Amino acid sequence: MSSYLEMVDAPKDVKKLTLDQLRQLAEEIRYELVTVLSKNGGHLGPNLGVVELTLALHRVFETPKDKFVWDVSHQVYVHKLLTGRKNRFDTIRTSNGLNGFALRTESPHDCYGAGHAGTALSAALGMAAARDRKGSNENVVCIFGDAALTNGISFEALNNISHTTKRFIGILNDNEWSIAKNVGAIANYLSRLITHPSYNKLAKEFQNFLRRLPKGELALKLAHKAEEGFKGAITGVGLRQTGSTIDSDGRGGFGSPVLFEEMGVRYLGPIDGHDLPLLISTLEFARTCDHPIVIHILTQKGKGFDAAQKSPEKFHGTGPYDIRTGESPPAKSGTPPNYQDVMGQTLVKLCQKDNTLVGITAAMPSGTGLKHLEKALPDRYYDVGIAEEHAVIFAAGMATMGFHPVCAIYSTFLQRAYDCIHHDICLQDLPVIFCMDRAGLSANDGPTHHGLFDIAYLRCLPNVIAMAPKDEDELVDMMFTATHENHPVFIRYPRGGAEGVPIKEQPRLLEIGKAEVIQNFSNSGRRKVALFGLGNLNSMARKAAVQLANEGFDCAVINPRFTKPLDAGTHEFFGKAADVVVTLEDHVLMGGYGSAVLELFSELGVSTPVVRIGWPDQFIEHASAQDELRKRYGLTIENILLKVKGQFGETSAHEARVIQLT
Ligand SMILES: Cc1ncc(C[n+]2csc(CCOP(=O)(O)OP(=O)(O)O)c2C)c(N)n1
């Protein structure tokens, strides 16, 4: 670590540096980010883009007294480096290390945690309202991206700001990218704002004006100028084109005042988000503002690292890479495909045969694999922006018109749209297919991204068909089967590599609500264990069966396939035949698949003991690897063996303690 970064242990140290020293510090921070993330992976592009902004924020404001609320908070790495966490920065996203997002338990400088988009404006407004009620004077600064602005909640908050508080500072960090290129009318609107011919001229005038002002006079002058309508000239850019009438360009935006001003929020910008003195001056002004204000800054994702500037999508959230070239290590030969790619490629094939199918993503074309559809059949592909609720209701609308939409949304982000699933999809029994990626752990990201709740939140809803494939071939069968259904279908599968099994040429139609018996009891007179391994934990069930067999047990292995409707017959048969039943799921135990089995057994009067393997009733932290967390929480073959043997009174005192701990 080099000189200025070494000197900065807290925000107060940022305030001691000269502008030139701050510029040098910015370089050192970029070096640190690029170096550490080349090993740990993480959100490189977004963080390289906010280096100057974060320095300016800490230069002008005083956390933890002042509050910075970051939307998604994937761009807080620089903030972490400046707030006493630089010595642990090389642990970011690893076991027992720093979290990749803002975390209230990690530092008093992280006043609000996040990982999901669109929450910052509401949370910050809540803080501002609380401050006003208390009569205290801290500043609340909300930093949100141009893509977060496509999210409905952001607008709900904007709608509320001007009649809730007089002191609110929003910073719109506009880099024109979501994870992929930002889409939709808001993106176009922002782009018109910054590409309008008048903008350059006016922006220059504005920036020169700011620079000319001696310190101290700034706030006064800016306020005065604002009154004179100077700001109005700037904010009119892109909206009042000289000589044009409303709608004269056919885009419908000109002639109406700027979006934020209409919301009762003063708008300033757009300004260069890498110009440190300009940022500092503007923030100093904002601090004195007695009216809610949004400062629109333009930044470049990946700034300072060539590879990241050239490939903003890849470096939004990257795995390890070669620091010289930005190349990711080549995949080892024979590596199984990712589930997301199997899903995307399958959808293309299914769409080619069925004109009613369309694919919908909420700003995640790469992560969900829908980029395959975008490329192959662009007219069957919809990216609705970071708007899961809208995605789901949009799908519902299409379904009422005879289409069969496939919504590809991560399990954790689908939580945002729960009411839409209930009210729009299930209540109307509409045939929408949900492909829920990242159902299971997202180890490096942690609790905001683990998809561990979907079985519980879906299985209580009528009309739901919910499945989990044991491998990629079965995922294809399930997608194929779903396209034949006239009800809402939910398919959950985990992040990353599949099992590496061959995928059949022709997918198979599965019987709804029918489990697959992989291995029956041998009826050899030994103690019987029925292992029900759901989805990606089916392979663990099979391996556990082999080891249990070696230790004298007679094992059956079942692939439940469906969490709803549950195959009552198969569960009853094996439940009654076994001495012990084991359920395995990559999901919380509470309300999950094992719970469903217990409910069924209770209704059927099956009293066989059930050992449930799954995640406990707590939020699971982040870690370097999934296996570490599985080990920590007992989702292991070893623990299955201990618990099964425990049921037969075969567990030693030491082993019993281990069981209790897990
Ligand atoms: C509800 C929700 N949906 C999807 C995501 C995935 N996601 C994380 S960051 C991001 C893009 C954010 O873009 P923007 O707000 O412009 O910030 P930038 O990364 O460009 O700085 C998306 C879609 C999420 N975090 N939360």
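Here's a quick rundown of the structure. The shown structure was predicted, so the numbers you read here are calculated from the model rather than taken from an experiment.

Comments concerning the overall build of the chain
Phase 1: Looking only at helices and strands, the chain has 29 helices and 17 strands in total.
Phase 2: The proportion of buried residues among the 662 residues of the chain is 59%.
Phase 3: Sequence separation of 24 or more characterises 75% of the internal contacts of the chain that already satisfy a separation of 6 or more.
Phase 4: Here the chain has roughly 26,400 Å² of accessible surface; of this, 52% comes from carbon and sulfur atoms.

Section: the sheet that holds strand β1 (residues 67-70)
Phase 1: Taken in spatial order, the five strands line up as β1-β2-β3-β5-β4 in an open sheet, and their pairing is parallel. Both edges of this open sheet fall to β1 and β4 (266-272), since each of them pairs with a single strand only. On average, each strand axis in the sheet is tilted by 20° relative to the strand beside it, whichever way the strands run.
Phase 2: The pairing of strand β3 (residues 169-174) with strand β5 (residues 293-298) spans six bridges and is classified as parallel. By the bridge assignment for β5, Gly 170 is matched with Val 294.
Phase 3: Sheet strands touched by helix α7 (residues 120-134): β1 and β2 (140-145). Its angle to β2, the strand with the most contacts, is close to 170°.
Phase 4: Each of β3, β4 and β5 touches helix α14 (residues 276-288); the most contacted strand, β4, lies at about 170° to it.

Here's the deal with the packing of helix α19 (residues 388-400) against helix α21 (residues 418-426)
Phase 1: Where α19 meets α21, the axes come as close as 9 Å, and the angle between the chain directions of the two elements is 5°. Considering the angle they form, α19 stands roughly parallel to α21. The residues of α21 that touch α19, namely those facing Glu 389, Val 392, Ile 393 and Ala 396, are Cys 420, Ile 421, Asp 424 and Ile 425.
Phase 2: Considering only residue class, the contact of α19 with α21 consists of six nonpolar, no polar and two charged.

Describing unusual backbone geometry
Phase 1: With omega at -5°, the peptide bond leading from Gly 269 into Pro 270 counts as cis.
Phase 2: Cis geometry is found at the peptide bond from Lys 564 to Pro 565, where omega equals -10°.
Phase 3: Here the phi dihedral of Asn 463 falls at roughly 75°; this positive angle occurs in a residue that is not glycine.
Phase 4: Assignment of secondary structure puts Asn 463 in the loop between α22 (454-459) and β10 (465-467).
Phase 5: A relative accessible area of 34% places Asn 463 in the partly exposed class.

Some thoughts on the nonpolar core
Phase 1: By size, the foremost hydrophobic cluster in this structure holds 56 residues, and its most contacted members are Leu 25, Ile 29, Leu 33, Leu 44, Leu 55 and Leu 57.
Phase 2: In terms of residue count, helix α3 (residues 19-40) provides more of this core than any other element does, eight residues in total.
Phase 3: Each residue touching Leu 57, except ones within four places of it in the same chain, is listed here: Phe 68, Trp 70, Val 141, Ile 143, Ile 171 and Leu 283.

So, the site of the ligand
Phase 1: Near the ligand there are 23 residues, and of these His 74, Gly 115, Ala 117, Trp 177 and Glu 388 occur at the shortest range.
Phase 2: His 74 places a polar side-chain atom, nitrogen or oxygen, 2.7 Å from an oxygen atom of the ligand.
Phase 3: Broken down by class, the residue content of the shell around the ligand amounts to 11 nonpolar, eight polar and four charged.

Some thoughts on the packing of aromatic side chains
Phase 1: Taken as a whole, this structure holds 17 aromatic pairs when the rule is applied.
Phase 2: Ring centres of Phe 434 and Phe 490 lie 4.5 Å apart, and the angle between their planes is 5°; this geometry places the pair in the stacked category. Of this pair, Phe 434 sits in strand β9 (residues 433-436) while Phe 490 sits in strand β11 (residues 489-492); the two residues are 56 residues apart in sequence, bridging distant segments of the chain. Comparing Phe 434 with Phe 490, the two get one shared label, buried.
Phase 3: Over the aromatic face of Phe 553 sits the side chain of Arg 527, whose NZ or CZ is 4.4 Å from the ring centroid.
Phase 4: In this structure, Arg 527 is placed above the aromatic ring of Phe 648, and the distance from its NZ or CZ to the ring centre is 5.2 Å.

Let's talk about the sheet that holds strand β8 (residues 404-408)
Phase 1: On the basis of which strands lie adjacent, the open sheet formed by seven strands has the order β7-β6-β8-β9-β11-β10-β15 and mixed pairing. Among the strands making up the open sheet, the edge pair consists of β7 (381-383) and β15 (562-564). This sheet shows a mean twist of 20° between the axes of neighbouring strands, independent of strand direction.
Phase 2: Contacts from helix α16 (residues 339-353) reach β6 (357-361), β8 and β9, with the element oriented near 150° to β6.

Remarks on the pairing of strand β13 (residues 527-533)
Phase 1: With six of seven residues buried, β13 lies mostly within the body of the structure.
Phase 2: Two elements, β13 and strand β14 (residues 553-559), share six bridges in a ladder whose sense is parallel. Along β14, the bridge assignment pairs Val 529 with Cys 555.
Phase 3: Crossover β13 to β14 through helix α24 (residues 538-550) is right-handed.
Phase 4: Sheet topology places β13 next to strand β16 (residues 580-588); five bridges connect them, and they run parallel. Paired with Phe 532 across the strands is Thr 583, a residue of β16.

Digging into the pattern of salt bridges
Phase 1: Applying the stated criterion to the full structure yields 31 salt bridges.
Phase 2: Arg 93 is paired through a salt bridge with Asp 445; the nearest N and O atoms lie 3.1 Å apart. One end of the pair, Arg 93, is in the loop between α6 (77-82) and α7; the other, Asp 445, is in the loop between β9 and α22, and 352 residues separate them in sequence.
Phase 3: Taking relative accessible area as the criterion, Asp 445 reaches 10% and is therefore assigned buried.

Section: α7
Phase 1: Taking 1.5 Å per residue as the helical rise, α7 with its 15 residues ought to reach 21 Å, and the 21 Å between its terminal C-alpha atoms agrees with that figure.
Phase 2: Every buried residue of α7 is accounted for by Ala 120, Leu 121, Ala 123, Ala 124, Leu 125, Met 127, Ala 128 and Arg 131.
Phase 3: Where α7 is buried, its residues meet β1, β2 and α8 (152-161).
Phase 4: Directly beyond the C-terminal end of α7, a positive phi value near 80° is found at Gly 135.

Description of the state of the cysteines
Phase 1: Per the stated rule, a full pass over the model turns up zero disulfides.
Phase 2: Here Cys 426 is not cross-linked by a disulfide; its sulfur's nearest cysteine counterpart is in Cys 460, at 9.1 Å.
Phase 3: Residue class for Cys 426 comes out buried when judged on its relative accessible area of 3%.

Regarding helix α5 (residues 51-60)
Phase 1: Counting buried positions over the 10 residues of α5 gives nine, a clear majority of the element.
Phase 2: Of the positions making up α5, those classed as buried are Val 51, Glu 52, Leu 53, Thr 54, Leu 55, Ala 56, Leu 57, His 58 and Val 60.

Observations concerning the packing of α5 against α14
Phase 1: For the pair α5 and α14, the least separation of the axes is 9 Å and the interaxial angle reads 45°. Looking at the two axes, α5 sits oblique to α14. Once α5 is placed against α14, the crossing between them reads as right-handed. Between α5, through Glu 52, Leu 53, Leu 55, Ala 56, Leu 57, Arg 59 and Val 60, and α14, the contact on the second element is made entirely by Leu 276, Leu 279, Ile 280, Leu 283, Glu 284 and Arg 287.
Phase 2: Taken together, the residues that form the contact of α5 with α14 break down as nine nonpolar, no polar and four charged.

Looking at the pairing of β14
For a regular strand, side chains alternate in direction, first toward one face of the sheet and then toward the other.
Phase 1: Of all seven residues making up β14, seven are buried, and the element is well covered by its neighbours.
Phase 2: Side chains Phe 553, Cys 555, Val 557 and Asn 559 of β14 all project onto a buried face; the interleaved residues Asp 554, Ala 556 and Ile 558 project onto the opposite face, where all are buried too.
Phase 3: Both strand β12 (residues 516-519) and β14 contribute to a ladder of three bridges, which runs antiparallel. In the sheet register, Val 517 faces β14, and the bridge partner there is Ile 558.

The rules behind each value
- Residues numbered from 1 in each chain as written.
- Predicted model: local features only at pLDDT ≥ 70, side-chain atom pairs only at ≥ 80, totals over all residues.
- Heavy atoms only, no water.
- Helix = DSSP H or I, 4+ residues; strand = E, 2+ residues; numbered from the N terminus.
- Buried < 20%, exposed > 50% of the residue type's maximum accessible area, 1.4 Å probe, protein only.
- Contact = heavy atoms within 4.5 Å.
- Areas by Shrake-Rupley, 256 points an atom, 1.4 Å probe, with all protein chains shown as cover.
- Pairing = 2+ DSSP bridges.
- Axes fitted to C-alpha atoms, helices over the stretch in contact; angles between N-to-C directions.
- Parallel < 35°, antiparallel > 145°, perpendicular 65-115°, else oblique.
- Nonpolar A, V, L, I, M, F, W, Y, C, P; charged D, E, K, R; others polar.
- Core = buried A, V, L, I, M, F, W, Y, C linked by side-chain atoms within 4.5 Å.
- Near = heavy atom within 4 Å.
- Polar contact = N/O pair within 3.5 Å; in protein donor to acceptor, adjacent residues only side chain to side chain.
- Phe/Tyr/Trp six-rings, centres within 6.5 Å; stacked < 30°, edge-to-face > 60°.
- Lys NZ or Arg CZ within 6 Å of the ring centre and 35° of its normal.
- Right-handed = clockwise from strand over helix to strand, strands pointing away.
- Salt bridge = Lys/Arg side-chain N within 4 Å of Asp/Glu carboxyl O.
- Expected span 1.5 Å × (residues − 1).
- Disulfide = S-S within 2.5 Å.
- Left-handed = near helix turned anticlockwise from the far one by under 90°.

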